[in-house]
Amino acid sequence: MPGTLSTASANSQNHPPSIYSTTRSVFPPAPVFTLDTFSNRDFIVKEFVETLSDSAVPPNRKSGQTNQSNVFDPKPLIRSFEHALNRMSDLSGDLELRENELSGAVRRAEAQHTANVQNLGRKLEQIVDSFNRLDASLNSDDYDSGGNAVVKIGERLEELDRERQRALDAKFLIQCWMEVSERGELYLLEDIRRQGSGEGKVRCAHIARQLSKISQRLDPESWGHANGNGKLVNGINGVYASDYDRKRRHYNTRELIEKFLETLEKDLLKSFDDFYRRQNFEGMRECANVLYDFNAGASVIAAFVNQHDFFIQRSQLITDDIGGDAETWDRLADPDAEPPGVESTLQSLVNEVKMVMQEESIIIKRAFPYSDQVLGKFLQRVFQQSIQQRLEMVLEKANTISSLAFLRSLQAARSCLSALIDDLKAHGLTEHPEPASPQIAIILDQQFDDLFVPYFVGSSYIEREKRNLEELYSSLLFKFTIFHSRKRKIPTTFMKSLAKSGSEMLASARDAYVERLDSSDLAPAQKAMLLRVAGLKDTESAKTQTEIEVTEQDGVLSVDNAKRMMKWLAEAVGRGLELSGGHETAKDVSALLNLLLANMGDIYIETSLDSANELAASQETTKNEPDLSYLISLRSAISILHLMNTCIRAVLIPLAQANVTIRRDMEKTSTQAMDRMEEKVNSIMQRSIDVAIAWVSKLLGRQSKMEFRPRDDALSGGGAWLEQLQTQTCQSIYSFLTRFHNLALTALSPSPNLTSLLTELAINFRTLLLEHFKKFQVNAAGGIMVTKDISKYIELLRSWDLDPSFNPSFEVLTEIGNLFVIGPEALKERLRGKGGVGGAWDRADMRAYVLRREDAGSVGVQSVLSAL
């Protein structure tokens, strides 16, 4: 191809290299390219062809004049493409040659690989065969060959090694004994001790103990035992029994060995303390492990516990005063206030103990191989020294406030410490919280029980609860007892005999309360609280009972006071269940039941019922209208009685379920008390009925004989008498029974008791009316008044909540009125048509009323009477 070609590198990586000659030529230079041109990943065929085309056009033609026409000349392109084809043909040949070389190399590598694989396969088969032969040899049944022989040889070698080690130890022990017995020295052991390794110190301790045993057998004189001649010697001073012994021995081996052990123990304790201060737990563990062989680790445990900062700081703070302000202690002693919780310094101690135990348990776990034993000693010291002393101080302070403050403080402290025990058990006292070990759990339970044993010995706890409730109840009921004791001094022989036992009981309770207030062992704060509950100003007012001002309200039952008493009892029961643990629950609730029945039942409810009963009895013979205001007290009495019965049946008796005997006694006692109080309520109701009937009977007896038989002049005077709706007697009875009904409704409210009371009163009232209208002569005009009175009575009775069985009585009363107003013929027809009043009343009973008609002697009425 014409022209001279020159080589050059490509200008960029994006286009194939194009090199042009620097010498002038007629034809444009041909492009030069290699295999790298086509192997470039940015190679594009279109760009390659465009480059060949551009290189084939001469430069003068590219910049020719525009006025000349451009004629296409294909020759440069043909020459350029021919040159490219030739060059590509040469490159194809070179590429084929390289491919052949690489294929040969691949074939040679494959042959070598196949040979290597076959060689390795043969070697693997040889290894497997060797392994199978060895395995068969080891599993042979022949005892003296194969694996059994290897095992036997191994065991024998181990035995020989042990015997060799024992021999070396025996040799060393003999050397040590000869050294201490003949020269009075322990240099061999001292050398091992000075090495400082934990294993060496353990070995020193073991050898020293063995030397001590050898000394007891070979040198009994050092131990104060009999020598070979049967004489006692003083081994301490080194005095021997014979000249032979004096020549043979010159040293007290016991003293030397014990002195070495003491030195070794002190060194170990000092090392342990140094390691502890540097927090080197591995060193602490080695020392603790060695010291365990001396006295089961007692010395190192004591050193660890006694030098702990917690006990040192707490021993300085144990004399601190009990915290809490006066208001907090007042709330603690106030039976109506919620208890403030655990005392602040005790709570602070518990929080600190929780943190210290969780932190120190990690150290103990890492520093002691026998961590449970150390942890148990640490816990014992914490509870017996710190917690117990603080608990005693808190309870002593609370006891100087009041018995209730002591009981509440005891409950709060036990609850707080119980939560601490549960938390320590759940935490496990390790760096990874998990349940505590059984040994630690037992120690925690034992320490917790030991803290509170002095407060629950025998019946001491329940006696405190009873004394506290007795004081509170006596204070609350003090004015009540004063009021009724004065009221029962009315000089009535019958009343005195009736209320003798009740007066004695009130006097006994009042005197016991005054004696308690005057007691020297009663704390001033508690005395002030009891006086506040009683509503008194000072103790002198309690002593001079005649000077105490009481009102009618002080002698009235109060449901609020009963609720306070029940609240105090419920707090005591709940506290007892929490503190006693259920061991003596049946006996405790039985004692509280008797206390409740004595105070709320006998002193409070029954005293009020007896007073109401006395008032009811005194109204039976009164000449004026009876005062039935005592009925109002029944409402409070019944409400309190129901409240107390509910508490006994729902709370106290179920708690004694475990003890059948005590539960039956409680049921019997409570049933008897309830029956007795219910009988008194029934007695009051019955007396009230008798009083009402007696007064109604008096009112009926005051009715004029001529009231139902007006004279002719009254009739001729006009119709003024007809304008009267009822007689004066009827209006008085209506007003009285309406007041009685309102009082009964207030006292009993709508209930079966109210229905029974009103029904019985209505029956007695009906009987009075039936007898009353038999006594009056009634004329035609008077019959109208009779019907008006009876209508008013029926209206009154219908407004009451009566038993349905009383309904026929309304017809009976209506018919009685009709008997006085209808004529003879109508009377005959009515008797013939009904044959009595619905069967509720026999016709013969009507005869007495028909006879009281003014026209009873007429022919018509006589015919009716003959029919009756």
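Note that this is a predicted model, so its numbers are computed, not measured.

Undergrad: For this particular structure, what's the right way to read the overall build of the protein chain?
TA: If you tally the helices and strands in the protein chain, you get 35 helices and zero strands. In the protein chain, which comprises 868 residues, the proportion classed as buried is 40%. Put simply, of all contacts in the protein chain between residues at least 6 apart along the chain, 74% involve residues at least 24 apart. For the protein chain, the computed accessible surface area is about 47500 Å², with 51% contributed by carbon and sulfur atoms.

Undergrad: Explain the packing of helix H11 (residues 298–306) against helix H15 (residues 371–401) here, please?
TA: Orientation of H11 relative to H15, taken along the N-to-C sense of each, is 45°, at an axis distance of 10 Å. Taken together, H11 and H15 sit at an angle that is classed as oblique. In the crossing of H11 with H15, the sense of the turn from one axis to the other is right-handed. Contact residues: Ile 301, Phe 304, Val 305 and Asn 306 in H11; Gln 373, Val 374, Lys 377, Phe 378 and Arg 381 in H15.

Undergrad: What is the right way to read the packing of aromatic side chains from this model?
TA: Between two aromatic rings, the relevant description is the distance of the centres plus the angle of the planes. For the structure shown, the criterion picks out 15 aromatic pairs. Ring centres of Phe 765 and Tyr 793 lie 5.3 Å apart, and the angle between their planes is 90°; on these two criteria the pair is classed as edge-to-face. In this pair, Phe 765 sits in helix H30 (residues 752–772) while Tyr 793 sits in helix H31 (residues 780–798), placing the two residues 28 residues apart along the sequence. On the accessibility criterion, Tyr 793 (2% relative accessible area) is buried. Put simply, the rings of Phe 272, Tyr 276, Phe 304, Phe 368, Tyr 370 and Phe 378 pair up and form one aromatic cluster. Directly above the aromatic system of Phe 452 lies the positively charged group of Arg 414, at a separation of 5.3 Å from the ring centroid. Sitting above the plane of the Phe 406 ring, Arg 464 keeps its charged end 3.9 Å from the centroid.

Undergrad: I tried to follow the pattern of salt bridges on my own but got confused; where do I start?
TA: Charged atoms that come close allow side chains of opposite charge to pair. Scanning all chains against the criterion turns up 21 salt bridges. Residue Asp 602 pairs with Arg 676 through a salt bridge whose shortest N-O separation is 3.2 Å. In this pair, Asp 602 is assigned in helix H25 (residues 585–618) and Arg 676 in helix H27 (residues 660–701), connecting sequence segments 74 residues apart. Through salt bridges with shared partners, one network takes in Asp 602, Glu 606, Asp 610, Arg 676 and Lys 680.

Undergrad: Explain the packing of H25 against helix H26 (residues 632–655) here, please?
TA: For any two helices packed against each other, one specifies the inter-axial angle together with the distance between the axes. Direction vectors running N to C along H25 and H26 enclose 170°, while the axes themselves pass 11 Å from each other. The orientation of H25 relative to H26 falls into the category roughly antiparallel. Residues Thr 585, Val 589, Leu 593, Leu 596, Leu 597, Met 600, Gly 601, Tyr 604, Ile 605, Ser 608, Leu 609 and Ala 612 of H25 pack against Ser 633, Leu 634, Ala 637, Ile 640, Leu 641, Met 644, Ile 648, Leu 652 and Leu 655 of H26.

Undergrad: Looking at this model, I keep getting lost on a nonpolar patch on the surface. Mind explaining?
TA: Taken together, the side chains of Val 45, Val 49 and Phe 81 define a hydrophobic patch exposed on the protein surface, amounting to about 230 Å² of accessible area. One can find Val 49 in helix H2 (residues 45–56). Given a relative accessible area of 37%, Val 49 falls into the partly exposed group.

Undergrad: Even after reading the chapter, I still don't get the nonpolar core, so can you show me in this structure?
TA: Here is a general trend for soluble globular proteins: nonpolar side chains tend to be buried in one another's company. Formed by 108 residues in total, the largest nonpolar core has its most connected members in Leu 569 and Met 644. It is H27 that contributes the most residues to this core, 16 residues altogether. The residues contacting Leu 569, other than those within four sequence positions of it, are Leu 469, Tyr 473, Leu 592, Leu 596, Cys 647 and Leu 652. In this structure, Leu 186, Leu 211, Phe 275 and Ile 363 belong to the second largest nonpolar core, which totals 80 residues.

Undergrad: Please explain H15 as it appears in this structure.
TA: Owing to its 3.6 residues per turn, the α-helix brings residues three or four apart onto one side. Over its 31 residues, H15 extends 43 Å from the first C-alpha to the last, a length consistent with the 45 Å expected when each residue adds 1.5 Å. Maximal helix bending in H15 amounts to about 35°, located at Ile 387.

Undergrad: Would you take a moment to explain helix H10 (residues 281–295) for this structure?
TA: In a regular helix each residue adds 1.5 Å, so 15 residues correspond to 21 Å; H10 covers 21 Å between its end C-alpha atoms and thus fits that length. Structurally, the start of H10 carries an N-cap: the backbone nitrogen of Glu 282 is 3.4 Å from a side-chain oxygen of Asn 280. Looking one or two residues past H10, Ala 296 carries a phi angle of roughly 60°, positive in sign.

Undergrad: It is not clear to me how the side chain of Ser 633 should be interpreted in this structure. Could you clarify?
TA: In this structure, Ser 633 sits in helix H26. Judged by relative accessible area, which is 18%, Ser 633 ranks as buried. Separated by 2.6 Å, the side chain of Ser 633 and the backbone oxygen of Tyr 630 make a polar contact. With sequence-adjacent residues up to four places away left out, Ser 633 is seen in contact with Leu 557, Ser 608 and Ala 612.

Undergrad: Whenever I open this one, the confidence of the model for the protein chain confuses me. Can you help?
TA: Detailed conclusions should not be drawn from predicted coordinates in areas where pLDDT is low. Of the residues in the protein chain, 79% reach a pLDDT of 70 or more, and the chain-wide mean stands at 79. Here residues 63–68 scores under 50 on pLDDT; set against residues more than four positions off or in separate chains, the count is zero contacts.

Undergrad: Looking at this structure, how should I read the side chain of Ser 403?
TA: Locating Ser 403 in the fold gives a position in helix H16 (residues 403–427). With relative accessibility at 8%, the residue Ser 403 sits in the buried group. Separated by 3.4 Å, the side chains of Ser 403 and Asn 468 make a polar contact. The contact partners of Ser 403, leaving out residues within four places of it in the chain, are Asn 468, Glu 471 and Gln 526.

Undergrad: So what exactly am I meant to see when it comes to unusual backbone geometry here?
TA: Peptide bonds are trans in most cases, and residues, glycine excluded, mostly fall at negative phi. In this model, Gln 279 sits at a positive phi of 60°, which is unusual for a non-glycine residue. If you trace the backbone, Gln 279 turns up in the loop between helix H9 (253–277) and H10. The exposure class assigned to Gln 279 is partly exposed, which follows from its relative accessible area of 40%. Residue Ser 749 is not a glycine yet carries a positive backbone phi of 55°. With respect to the secondary-structure elements, Ser 749 resides in the loop between helix H29 (728–748) and H30. Of the residues examined, Ser 749 reaches a relative accessible area of 24% and is grouped as partly exposed.

Undergrad: Can you help me understand the environment of Val 691 in this one?
TA: Structurally, Val 691 is set in helix H27. Through-space distance from the C-alpha of Val 691 to that of Glu 620 is 5.0 Å; in sequence the pair is 71 residues apart. Discounting residues that sit within four places of it in the chain, Val 691 has contacts with Ala 616, Gln 619, Glu 620, Pro 626 and Leu 628.

Undergrad: Honestly, the environment of Pro 710 in this entry has me stumped. Any pointers?
TA: With respect to the element layout, Pro 710 can be found in the loop between H27 and helix H28 (712–716). Judged by relative accessible area, Pro 710 falls into the buried class, the value being 18%. When the C-alpha atoms of Pro 710 and Asn 779 are compared, they prove to be 7.7 Å apart, with 69 residues separating the residues in sequence.

Analysis parameters
- Residues numbered from 1 in each chain as written.
- Predicted model: local features only at pLDDT ≥ 70, side-chain atom pairs only at ≥ 80, totals over all residues.
- Heavy atoms only, no water.
- Helix = DSSP H or I, 4+ residues; strand = E, 2+ residues; numbered from the N terminus.
- Buried < 20%, exposed > 50% of the residue type's maximum accessible area, 1.4 Å probe, protein only.
- Contact = heavy atoms within 4.5 Å.
- Areas by Shrake-Rupley, 256 points an atom, 1.4 Å probe, with all protein chains shown as cover.
- Axes fitted to C-alpha atoms, helices over the stretch in contact; angles between N-to-C directions.
- Parallel < 35°, antiparallel > 145°, perpendicular 65-115°, else oblique.
- Left-handed = near helix turned anticlockwise from the far one by under 90°.
- Phe/Tyr/Trp six-rings, centres within 6.5 Å; stacked < 30°, edge-to-face > 60°.
- Lys NZ or Arg CZ within 6 Å of the ring centre and 35° of its normal.
- Salt bridge = Lys/Arg side-chain N within 4 Å of Asp/Glu carboxyl O.
- Patch = residues over 30% accessible without salt bridge, like charges linked within 9 Å, V, L, I, M, F, W, Y side chains within 5 Å.
- Core = buried A, V, L, I, M, F, W, Y, C linked by side-chain atoms within 4.5 Å.
- Expected span 1.5 Å × (residues − 1).
- Bend = angle between axes of the 7 residues up to and from the residue.
- Polar contact = N/O pair within 3.5 Å; in protein donor to acceptor, adjacent residues only side chain to side chain.
- pLDDT = per-residue confidence, 0-100.

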